[in-house]
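Close look at the chain arrangement
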Amino acid sequence: MSKVLRGAGALAVCALIAKMIGALYRIPLTNIIGAEGIGLYQMVFPLYTALLTVSSGGLPVAISKIVSERKSQGDEAGARQVLFASLMSLSIAGLIAGAAVVLFRDKIAVIQGNGKAAVPYLGIAPSLLFVAVISCFRGYYQGTQNMLPSALSQIIEQVVKLVAGLFFARLFMSRSLEWAVFGALLGVSLSELAAMLFLLGRFFFTNLRYKKNSRIDASQVNFETAADMGAAASYRIRTRKEVLKEVYKSAIPVTLGSLVMPMTQVIDSILVINLLMGLGYGAAEATQLFGLATGPINSLINMPVVVTLSLSVALLPKVSECFIKNENPSADVSQTMKFGFIIGLLATLILCFYARPILAVLYSRGLSAEQIEAGAKLLKIGGISVLYVSVLQVATSVLQAAGAPHKPALNLLYGAVLKVVFTLALLPVFGIYGAMAGTVLCYAATCLLDIKSMKKFVTPALKFREFLLAPVLSAAAFTGSYLLFTYVLGSYLPLKAGLITSMVVSALVFVGGLFLFGAVRIGELGSVPALGKFIGKLKSRKEKSRK
């Protein structure tokens, strides 16, 4: 399990940094373009994400799985062949998707309910090609269980987006609001270009080293090396068509599953704004509410999810390898699911209890007091979904590794249908809060279905005390700490200081409860990056002191 947690840790730390940069980026961006601008910004992303999913969505998972299989068989050349074949295919798909956005942007914006969104689509269209290439390299590196290149590329991506996006948004703001949003999205395209160039450059240098090391002196060839060379040659006889067929056989079900939520979000971007306008809201006000729910709120919700996603990404090649070798991955799955549940629970508690002060501290300049109150209610509802997503991500990785990627796809489809139904039923009654409740119900249903499907392949050895009782007791301790600070000590501290102090203390109380009640053992942390080294140093010091 240590290798899974090491890979997950590297990816999680860098991805969390990237998400933090992304969340920080939303704060000055909101101050520049306002709630309506964020609404336009968010209107573009559902269709963009859907097209991105069609052109490259399932490929990283498929490439990761197949590369992992090739590497476990010693077929290094075959692993690289998967990458090269996928690159050519996805580059063409990315170009077609980008051209489609440019050609049909006006009609799409009108259907969504606000024609101003047409110009912003131009800013993000080039990134469809760049992300298609990025997805190939990320899948390849994840398949080799080397998470660092993917993680570093995410940080580069977010830093460039922060600098370029804010610069161009401010530059074009004097022209009009929609052009300012175009500038922000142009920054997204430039950030993807930078990440792509980083991955290309890194692979170029490692590929030179691989070619140099793969040259064999004829005088060193013996019976064993000749047999290895013969086996390697047999691996390389696959044609590009055969490789792509194998890749897409795994990718298509994953892509269809990945496409469910983007398409649901596309429907949301049409339904929510138009339904709100049907309730009497103007186009600008409806766009503001949509932007509030899908912009700052979703950004905060997605930040903790990236940690559990990193656990799942690192778990996939490990479980895939276990299935190939007919080994039982139950221990790895159980530990990853437990950590995912604990992280999701802590994040849900923080988002639900501290919703209003978090928004007040981060967005007081860009959002009005009324919008902050509405956003706090949305965050309290939407924060619950983090718990379900944290668990379903692990189950999804297991199903993909087990060769059943269609299962999570179908389960997510059922959840998405439920989301649309509840949006149609609840939004006319509860407004934008009904749409957010539909999202939570979608993920709750999908989580339960994924766990049920996963049990057909792997039955996690989850202990009631570790997985449920101890975390619930820790959550109760967190609640007590929150109430103490909010209603007893909160009035003596400024907003920012009170928020940070209360969050840190309550989180530490929660973590302490996990150890006290037996959810987590010290030994389990030895395989976690940074913590493992720290614990190792403590042990060595104790041993020296004893001597």
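For the structure, see preceding data.
Let me sum up the structure you'll find in this document.

Definitions and cut-offs
- Residues numbered from 1 in each chain as written.
- Predicted model: local features only at pLDDT ≥ 70, side-chain atom pairs only at ≥ 80, totals over all residues.
- Heavy atoms only, no water.
- Helix = DSSP H or I, 4+ residues; strand = E, 2+ residues; numbered from the N terminus.
- Buried < 20%, exposed > 50% of the residue type's maximum accessible area, 1.4 Å probe, protein only.
- Contact = heavy atoms within 4.5 Å.
- Areas by Shrake-Rupley, 256 points an atom, 1.4 Å probe, with all protein chains shown as cover.
- Phe/Tyr/Trp six-rings, centres within 6.5 Å; stacked < 30°, edge-to-face > 60°.
- Lys NZ or Arg CZ within 6 Å of the ring centre and 35° of its normal.
- Core = buried A, V, L, I, M, F, W, Y, C linked by side-chain atoms within 4.5 Å.
- Expected span 1.5 Å × (residues − 1).
- Salt bridge = Lys/Arg side-chain N within 4 Å of Asp/Glu carboxyl O.
- Axes fitted to C-alpha atoms, helices over the stretch in contact; angles between N-to-C directions.
- Parallel < 35°, antiparallel > 145°, perpendicular 65-115°, else oblique.
- Left-handed = near helix turned anticlockwise from the far one by under 90°.
- Nonpolar A, V, L, I, M, F, W, Y, C, P; charged D, E, K, R; others polar.
- Patch = residues over 30% accessible without salt bridge, like charges linked within 9 Å, V, L, I, M, F, W, Y side chains within 5 Å.

In this section: the overall build of the protein. A tally of regular secondary structure across the protein gives 20 helices and zero strands. For the protein, the proportion of its 547 residues judged to be buried stands at 54%. When contacts within the protein are restricted to residue pairs at least 6 apart in sequence, long-range pairs at least 24 apart make up 84% of them. With the model as given, the accessible surface of the protein reaches about 24,200 Å², and the carbon-plus-sulfur share is 67%.

Attention now goes to the packing of aromatic side chains. For the structure on display, the rule yields 14 aromatic pairs. Taking 5.8 Å as the distance between ring centres and 90 degrees as the angle between the ring planes, the aromatic pair formed by Tyr140 and Phe203 counts as edge-to-face. Residue Tyr140 is located in helix α5 (residues 127-143), and its partner Phe203 is located in helix α7 (residues 177-214); the two are separated by 63 residues in the primary sequence. The residues Tyr140 and Phe203 share a single accessibility class, namely buried. Measuring from ring centre to ring centre gives 4.9 Å for Trp179 and Phe182, while their planes differ by 70 degrees; the resulting arrangement is edge-to-face. In this pair, Trp179 and Phe182 both sit in helix α7, three residues apart, roughly one turn of the helix. On the basis of relative accessible area, Trp179 is assigned to the partly exposed category, the value being 22%. The ring of Trp179 has Arg175 sitting right over it, with the charged end atom 4.1 Å from the ring centre. The lysine or arginine in question, Lys338, covers the ring of Phe339, its NZ or CZ lying 6.0 Å from the ring centre.

Within the secondary structure layout, Thr30 lies in helix α1 (residues 2-57). A residue is classified by how much of its surface remains accessible, and Thr30, at 1% relative accessible area, is buried. Thr30 sits 335 residues away from Arg365 along the chain, and the two C-alpha atoms are 8.4 Å apart. Contacts of Thr30, omitting those with residues within four sequence positions, involve Ile38, Tyr363, Gly366 and Leu367.

Counting 99 residues, the largest nonpolar core has Leu29, Ile33, Tyr41, Leu185, Leu359, Leu379 and Phe510 as the members making the most contacts within it. Looking at this core, the element that brings in the most residues is α1, giving 16 residues. Core analysis: the next-biggest nonpolar cluster, separate from the first, contains 25 residues, Ile63, Leu87, Cys136 and Tyr141 among them.

So, about helix α15 (residues 385-401). Taking 1.5 Å per residue, 17 residues should reach 24 Å; α15 reaches 24 Å between its end C-alpha atoms and fits that length. With 16 of 17 residues buried, α15 is to be regarded as a mostly interior element. Where α15 terminates, the next one or two residues include Gly403, which has phi positive at roughly 80 degrees.

The next subject is the environment of Leu345. With respect to the helices, strands and loops of the structure, Leu345 is situated in helix α12 (residues 330-353). In sequence terms Leu345 and Ser385 are 40 residues apart; their C-alpha atoms lie 10.0 Å from each other.

We now examine the pattern of salt bridges. As enumerated under the stated definition, the model contains four salt bridges in all. A salt bridge links Glu157 to Arg138, with the shortest nitrogen-to-oxygen separation between them at 2.9 Å. With a gap of 19 residues between them, Glu157 in helix α6 (residues 148-173) and Arg138 in helix α5 connect regions that are remote in the sequence.

All right, on to α5 then. Helical periodicity: at 3.6 residues per turn, an α-helix aligns residues three or four positions apart in one direction. In this model, α5 (17 residues) spans 24 Å end to end at C-alpha, consistent with the 24 Å of a helix rising 1.5 Å per residue. Most of α5 sits inside the fold, with 16 of its 17 residues counted as buried. Positive phi shows up at Gln145, right after α5, with a value of about 60 degrees.

If you trace the backbone, Thr336 turns up in helix α12. Under the relative-accessibility criterion, Thr336 is labelled buried at 1%. It is 9.9 Å that separates the C-alpha atoms of Thr336 and Pro460, two residues lying 124 residues apart in sequence.

Once that is clear, we can look at the packing of helix α16 (residues 406-430) against helix α17 (residues 432-454). At their nearest, the axes of α16 and α17 sit 7 Å apart, and the two run at 155 degrees to each other. Classified by the angle their axes make, α16 and α17 are roughly antiparallel. In the packing of α16 onto α17, the handedness of the crossing is right-handed. By residue class, the composition of the contact of α16 with α17 is 17 nonpolar, eight polar and three charged.

Attention shifts here to a nonpolar patch on the surface. Among the surface-exposed residues, Leu483, Leu484, Tyr487, Val488, Leu489, Tyr492 and Leu493 lie close enough to one another that they form a single nonpolar patch of about 730 Å² accessible area. Considering the arrangement of structural elements, one finds Leu483 in helix α18 (residues 464-489).

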